[in-house]
Amino acid sequence: VFVTRVTEPAKIGMLTEVVSSAIGLVGLLYSILMGQVFGFLYSQQEALYYALFDEVTEAKSLLEQVALVSQGRTMYSTCLNSIARYVKDDLLAGTLSYLKTDSNPSNKSDTKYGSVTPSLILSARPADDPLEAILYLTSVGIPGQVYDTVRSLRQARARRLGALQRKVPGIHLIMLWIL
């Protein structure tokens, strides 16, 4: 409607320049926003990979130490079950965010992993923590090497859970969707 009212060629030229400048500005905003979002997401993935590597290394070290400390004792199977529960319930369930299912409903061997919020893992009671059970079973007198490994494993878990939290503000995603 506005364009049809403008009859002078100079005004039409100005309108064309304004529209092309607005389109250029939107393109510039989009590219800046995309660069920031990709930077955020890449740094989050990188931090997650490093944290996972650290946590798996500490879990492997804990497994070796528990096997050496408790082999031949009655607590051996309980310690190994606690480590298995930690890997299954905390490490895998807290990291995998997809559902791994088989399309055949008669297959009962498919494993389902759902996304677990890091705050739910951190707010679990200490009685439910498998690492606490290992500390209880292996603690005799002065805290030893197992205690230090469990402590460093908990620190690695905290780094992993911190890396899992969303770093991109929601407004960035909304603006990208609008643009």
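Refer to the structure presented above.
Residues numbered from 1 in each chain as written. Predicted model: local features only at pLDDT ≥ 70, side-chain atom pairs only at ≥ 80, totals over all residues. Heavy atoms only, no water.

Novice: Before we go on, may I ask you to explain the nonpolar core in this structure?
Specialist: Most often, soluble globular proteins keep nonpolar side chains buried together rather than apart. Membership of the largest hydrophobic core comes to 13 residues, with the highest contact counts inside it found for L62, V66, L131, I134, V150 and L153. Elements with a contribution of two residues or more to this core: α2 (9-70), α3 (76-92), α5 (130-138) and α6 (145-164). Apart from residues lying up to four places away in sequence, L62 is in contact with I83, L131, I134, V146, T149, V150 and L153. Formed by five residues, the second largest nonpolar core is a distinct cluster that contains L33, V37, V168 and L176. (Core = buried A, V, L, I, M, F, W, Y, C linked by side-chain atoms within 4.5 Å. Buried < 20%, exposed > 50% of the residue type's maximum accessible area, 1.4 Å probe, protein only. Helix = DSSP H or I, 4+ residues; strand = E, 2+ residues; numbered from the N terminus. Contact = heavy atoms within 4.5 Å.)

Novice: Teacher, can you tell me more about the environment of V168 here?
Specialist: Turning to its location among the elements, V168 is positioned in the loop between α6 and α7 (170-178). As for V168 and L41, which are separated by 127 residues in sequence, their C-alpha atoms are 7.3 Å apart. Excluding residues that lie within four positions of it along the chain, V168 makes contacts with V37, F40, L41 and L173.

Novice: Honestly, the pattern of salt bridges in this entry has me stumped. Any pointers?
Specialist: Two side chains of opposite charge can pair, provided their charged atoms sit close to one another. This structure, assessed with the given rule, holds six salt bridges. With its nearest N and O atoms 2.3 Å apart, the salt bridge here joins E55 to R160. Of this pair, E55 sits in helix α2 while R160 sits in helix α6, placing them 105 residues apart in sequence. Neither E55 nor R160 differs from the other in exposure class; each is buried. (Salt bridge = Lys/Arg side-chain N within 4 Å of Asp/Glu carboxyl O.)

Novice: Where do I start with a nonpolar patch on the surface in this structure?
Specialist: A cluster of nonpolar side chains, namely I171, I174, M175, W177 and I178, defines an oily patch on the protein surface of about 600 Å² accessible area. Relative to the helices and strands, I171 is located in helix α7. (Patch = residues over 30% accessible without salt bridge, like charges linked within 9 Å, V, L, I, M, F, W, Y side chains within 5 Å. Areas by Shrake-Rupley, 256 points an atom, 1.4 Å probe, with all protein chains shown as cover.)

Such coordinate-based values are descriptive only and should not be taken to indicate function.
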